[in-house]
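Working through the structure, step by step
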Amino acid sequence: MILLMIASFSIPQAVSKLISERIALKDYRNAHKFFKGAMIYAMVIGGVVGLFCLFGAGLIIPQNQKDAFRHFRSWLRRFLSGILGVFRGYFQAYRNMMPTSISQILSRYLMRQSVFWLHGDLSMHSQMEQRTALQNGGQQVPQ
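Residues numbered from 1 in each chain as written. Predicted model: local features only at pLDDT ≥ 70, side-chain atom pairs only at ≥ 80, totals over all residues. Heavy atoms only, no water.

1. Some thoughts on the overall build of the protein
Stated precisely, the cut-off is as follows: Strands are runs of DSSP state E lasting at least 2 residues, helices are runs of H or I lasting at least 4, and numbering of each runs from the N terminus. Partly exposed residues are those whose accessible area sits between 20% and 50% of the maximum for their type, while under 20% is buried and over 50% is exposed, using a 1.4 Å probe and protein chains only. We call two residues in contact when some of their heavy atoms are within 4.5 Å.
A count of helices and strands for the protein gives seven helices and zero strands. Listing each helix as α and each strand as β along the protein from the N terminus yields α-α-α-α-α-α-α. Evaluated residue by residue, the protein yields a buried proportion of 27% over its 143 residues. Intrachain contacts of the protein at a sequence separation of at least 6 include 61% that bridge at least 24 residues.

Structure representation (structure tokens):
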């Protein structure tokens, strides 16, 4: 959760505030430069955090928690959340809330779908373990 906070939280507010300040001064060129800089920041930090989650999950999560390991390695969500945050802040600065609301609805929908997919995958894995245990005479299979 801390890695997700570093990659994406508070970016929309910061981008919105700084770009709207530039727009109020009619300094559109620097507002666009700030948008580009924020996008580069979100891509770099999101990429670093995403790659750390993908390749460094074994360093943080104990080996006996395979389900958490798989969930932690979902790096794409961490990468995209920062980029979407920059776009949200950019459109909020221009007082256009339609893209922001659509982005939030879409991200919540995708988040729920990934949770349902993960839950379904884990349930199927648990059922397969139970069937294997029953086939072995009720004994747990050593891992």
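Moving on from the coordinates now.
2. Description of unusual backbone geometry
Residue K26 is not a glycine yet carries a positive backbone phi of 60 degrees. Note on placement: K26 falls in the loop between α2 (11-24) and α3 (28-55). Under the relative-accessibility criterion, K26 is labelled exposed at 62%. One non-glycine residue, R95, adopts positive backbone phi at about 60 degrees. For R95, the position within the fold is in the loop between α6 (75-93) and α7 (98-135).

3. Here's the deal with a nonpolar patch on the surface
Quick note on the threshold: Note on patches: the residues involved have over 30% relative accessible area and no salt bridge, like charges join within 9 Å, and the nonpolar side chains Val, Leu, Ile, Met, Phe, Trp and Tyr join within 5 Å. Only the protein chains shown count as cover for residues, and the accessible areas themselves come from Shrake-Rupley with a 1.4 Å probe. A pair is scored as a salt bridge if a Lys or Arg side-chain nitrogen falls within 4 Å of a carboxyl oxygen belonging to Asp or Glu.
A contiguous nonpolar patch, built from I40, V44 and V48 and spanning about 280 Å² of accessible area, is present on the exposed surface. Within the secondary structure, V48 sits in helix α3.

4. Some thoughts on the confidence of the model for the protein
Selection criterion: Think of pLDDT as the predictor's per-residue confidence, scored from 0 to 100.
Per-residue confidence for the protein gives a mean pLDDT of 76, with 64% of residues at or over 70. Within the protein, α2 carries the highest mean pLDDT (90), whereas helix α1 (residues 2-7) carries the lowest (58).

5. Overview of the environment of Q13
Along the chain, the position of Q13 falls in helix α2. Judged by relative accessible area, Q13 falls into the exposed class, the value being 53%. Residues Q13 and A93, spaced 80 residues apart in sequence, show a C-alpha to C-alpha distance of 9.1 Å.

6. Topic: the side chain of R88
Put simply, the rule is: Just so you know, the count uses Lys and Arg for positive and Asp and Glu for negative, and it drops His and the chain ends.
Mapped onto the fold, R88 is located in helix α6. Here R88 sits buried without a salt bridge, and the closest side chain of opposite charge, E21, lies 21 Å off (N-O distance). Those residues in contact with R88, other than ones at most four positions away along the chain, are P12, T100, S103, Q104 and S107.

7. Observations concerning the packing of aromatic side chains
Keep this limit in mind: Here a Phe, Tyr or Trp ring, Trp counted by its six-membered ring, pairs with any other such ring whose centre lies within 6.5 Å, and the pair is stacked when the planes are under 30 degrees apart, edge-to-face when over 60, and tilted otherwise.
By the definition in use, this model includes four aromatic pairs. Residues Y90 and F91 carry aromatic rings whose centres are separated by 5.6 Å and whose planes lie at 75 degrees to one another, so their mutual orientation is edge-to-face. Among the aromatic residues, ring-to-ring pairing joins F35, F87, Y90, F91 and Y94 into one connected group.

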